[in-house]
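# Remarks on the overall topology
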Amino acid sequence: MQFFIYFLAISISFTVSISEGSFILPENEAPTTAPKFLSRGHLYKVIVGETIELPCKVQNLGSYVLLWRKGSSVLTAGHLKITRDQRFKIGADYNLQINGVKTQDAGDYICQLGDQENRDQVHTVEILVPPTLRALPHNGQVTARKGSTVTLECKASGNPVPTIYWFKKDVYSGPTHLSDSSTLILENVDRHHAGTYQCSADNGVKERVSMDIQLTILSPPEITVEKAWVHAAEGYDIELVCVVHGDVNSEMLWYQNSFLLDPTDRRSMYPHDDRYSLIIRNFQQTDFGNYSCVADNALGRTKKYIEVSGRPGPADFISPALSGFLDHYNLTWTIESIPPLEEIKLLYRRLLMNETYQHPGKWHEYHIKPIPIRTDGTHYLMSYVIRNLEHNAVYEAIVQAKNKYGWNEISDIHQFYTRNHDLLLDIDMEYKMGISSCNRLAITMDVIILLYSIFILSVKIII
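Residue numbering note: each chain is counted from 1, following its sequence as written. Under the rules for a predicted model, residues below a pLDDT of 70 receive no local features and side-chain atom pairs below 80 are neither given nor counted, while totals for whole chains, interfaces and linings still include all residues. Only heavy atoms go into the side-chain values, all of them from the structure, while hydrogens and water stay out.

### So, the nonpolar core
Condition: The nonpolar core is taken to be a set of buried Ala, Val, Leu, Ile, Met, Phe, Trp, Tyr and Cys residues, with the residues joined through side-chain atoms within 4.5 Å. Each residue is assigned to one of three classes by its accessible area relative to the maximum for its type, calculated with a 1.4 Å probe on protein chains only: buried under 20%, partly exposed between the two thresholds, exposed over 50%. For helices the rule is a DSSP run of H or I covering at least 4 residues; for strands it is a run of E covering at least 2, with both sets numbered from the N terminus onward. The criterion used for residue contact is that any of the two residues' heavy atoms lie within 4.5 Å.
Counting 23 residues, the largest nonpolar core has Leu 331, Trp 333, Ile 344, Leu 346, Tyr 348, Ile 386 and Val 399 as the members making the most contacts within it. For this core, the secondary-structure elements that each account for two or more residues are β29 (329-336), β30 (343-353), β32 (364-368), β34 (379-386) and β35 (394-403). Those residues in contact with Leu 331 that lie beyond four places of it in its chain are Phe 317, Ser 319, Leu 346, Met 382, Ser 383, Tyr 384, Ile 386, Ala 397, Val 399 and His 414.

Pasting the structure below:
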């Protein structure tokens, strides 16, 4: 073959007859001006499957023959195609056209003048391959026990080498980016790790490709309760709710004070997906007590407790922390209770504070005959003005309430502040509202209603 090529290059002085599959070299003498490449060597990047055309434009070609070769393989000589690959064609100005490029077409392509100097021009072709992905395991399903280590893996190929991205999909918040590695390692897994993981590969060639892997965590059932403490009263209906996580096929049992409960005309049990309800109608004195929901599956048993009580719920403070006054503070709170409140116990104390220490003072205790306002069928609104306070000071307060079923749990500590002399307020709220200084409750029904309305309006504005 090499002999044939060089033979074509030096056979300028005689004519080869042309017919199908042959070519003619003119019978003129070699040009006095040497051939010159007008095109330049270049790096071409082409996506696999597309078509590329490599230029080889020569000035003063005369009777010289242009050869295209790749490595030691000759592709064309003049207009004659030597290779049998039908994807290769000679175009105008001896350009080499390759249709439907393949990965094996990458490399250097040489356009060579068939003269004794063997001058040539080199084009480099790089084949770009879109990314492809292969997940391990192939079925995209992974099951693991709680507490184990899980390795998720995706293999990617393409040119350039793709980058792999891992995400966890969530129907509410969208995907969360986790890693940029071919493997994703999850240690000490629990039910929060369960879900759909997505690996994506991208190398800038066409579109990113993705695959999903579904991770299932096997564990004993996990339970949460909507309310660990439920307020009740005789004659009312209540609902207790337990939510089972991780295994909705768990068997759910309800107990009252360690006694297994069965459905009755007043007691119903409803499962709905992972939510289990116990509804007690026309509540009776014997229904008070500690309830538990117990979930069983093949890996274990879990129990959660719910207390059902007629006592008031803990006080929930709604007054702002900063007082508008130097020496008194309007403490406002709500309490959940179906029966009327019988007594309120309020305690407050001053905190002595500086940059290095915090020292609580002595508790001051008040027993108040409540004058509450009903906000709905189960809640009361109350307020009390604490007087004779120090200005620019920090205080703490707690509240406890009693109804016919007993005292509730002591509330969380509510911290509040009296203002400084330098803090000027345009409106004296208590004075404008007509609060009497001789009445310890100091709030009339109309004032409480107005106070509650202002609070509700402010909450709506904030929301």
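### So, the pattern of salt bridges
The condition that has to hold: Criterion for a salt bridge: a side-chain nitrogen of Lys or Arg within 4 Å of a carboxyl oxygen of Asp or Glu.
Counted according to the given criterion, the structure contains 13 salt bridges. Among the ionic pairs, Asp 85 bridges to Arg 87, the shortest N-O distance being 3.0 Å. You can call Asp 85 partly exposed: its relative accessible area is 26%. A relative accessible area of 14% means that Arg 87 is categorised as buried. Between Glu 307 and Arg 311 there is a salt bridge whose closest N-O contact spans 2.9 Å. One network of salt bridges, with partners in common, ties together Asp 85, Arg 87 and Asp 105.

### Some points on the environment of Trp 229
As for its placement among the helices and strands, Trp 229 is situated in strand β20 (residues 229-231). Along the primary structure Trp 229 and Ser 309 are separated by 80 residues, whereas in three dimensions their C-alpha atoms are 7.5 Å apart. When sequence neighbours within four positions are dropped, the list of residues in contact with Trp 229 reads Glu 307, Ser 309, Arg 311, Pro 312, Gly 313 and Glu 336.

### Observations regarding the environment of Ala 135
Looking at the element boundaries, Ala 135 is found in strand β11 (residues 120-136). Between the C-alpha atom of Ala 135 and that of Cys 154, which follows or precedes it by 19 residues, the distance is 4.4 Å. In this view, Ala 135 contacts Glu 153, Cys 154, Met 211 and Ile 213; residues no more than four positions away in its chain are not counted.

### Digging into the side chain of His 231
Counted only if it meets this: Two N or O atoms form a polar contact when they lie within 3.5 Å of each other; inside protein one atom must be a possible hydrogen donor and the other a possible acceptor, and for residues adjacent in sequence the pair counts only when both atoms belong to side chains.
With respect to the helices and strands, the residue His 231 is situated in strand β20. A relative accessible area of 6% means that His 231 is categorised as buried. Polar side-chain contacts of His 231 include one of 2.9 Å to the backbone oxygen of Arg 311. In this structure the side chain of His 231 is engaged in a polar contact, spanning 2.7 Å, whose partner is the backbone nitrogen of Ile 338.

### Quick notes on the pairing of strand β27 (residues 300-309)
This is how the line gets drawn: Two strands form a pair only when DSSP identifies at least two bridges running between them.
With three bridges joining them, β20 and β27 adopt parallel strand pairing. Within β27, the residue paired with Trp 229 across the bridge is Glu 307. Across nine bridges, strand β26 (residues 289-297) lies against β27 in antiparallel orientation. Bridge pairing links Ala 295 to Thr 302 in β27. Following β26, the chain reverses through two residues before pairing antiparallel with β27.

### Quick notes on the confidence of the model for the protein chain
Parts of the model with low pLDDT should not have their predicted coordinates read in detail. What counts, and what does not: What pLDDT reports is the predictor's confidence in each residue, on a scale of 0 through 100.
Chain-level statistics for the protein chain give a pLDDT mean of 83 and a share of 82% at 70 or above. Between residues 1-31, whose pLDDT stays under 50, and residues either more than four places distant or in other chains, the model counts 43 contacts. This model gives residues 425-463 a pLDDT under 50, and the stretch forms 48 contacts once residues within four places in sequence are excluded.

### Topic: the packing of aromatic side chains
Centre-to-centre distance and the angle between the planes together describe a pair of aromatic rings. How we decide: Note on aromatic pairs: the rings of Phe, Tyr and Trp (six-membered ring only in Trp) are paired at centre separations within 6.5 Å, and the planes decide the class, stacked below 30 degrees, edge-to-face beyond 60, tilted for the rest. A ring has a charge above it when a Lys NZ or an Arg CZ is no more than 6 Å from the ring centre and no more than 35 degrees off the ring normal.
Tallied over the full model, the rule gives seven aromatic pairs. Here the aromatic rings of Phe 283 and Phe 288 are separated by 4.9 Å at their centres, their planes lie at 70 degrees, and the arrangement is edge-to-face. The same class applies to Phe 283 and to Phe 288, which are both buried. Taking the centre distance of 5.9 Å and the plane angle of 45 degrees together, the rings of Tyr 366 and Tyr 384 count as tilted. Residue Tyr 366 is found in strand β32, and its partner Tyr 384 is found in strand β34; the two are separated by 18 residues along the sequence. For the pair Tyr 366 and Tyr 384, a shared accessibility class is recorded, and that class is buried. Through pairs of rings, three or more aromatic residues link up here, namely Tyr 329, Tyr 348, Tyr 366, Tyr 384, Tyr 395 and Phe 416. Directly above the aromatic system of Trp 407 lies the positively charged group of Lys 345, at a separation of 4.9 Å from the ring centroid.

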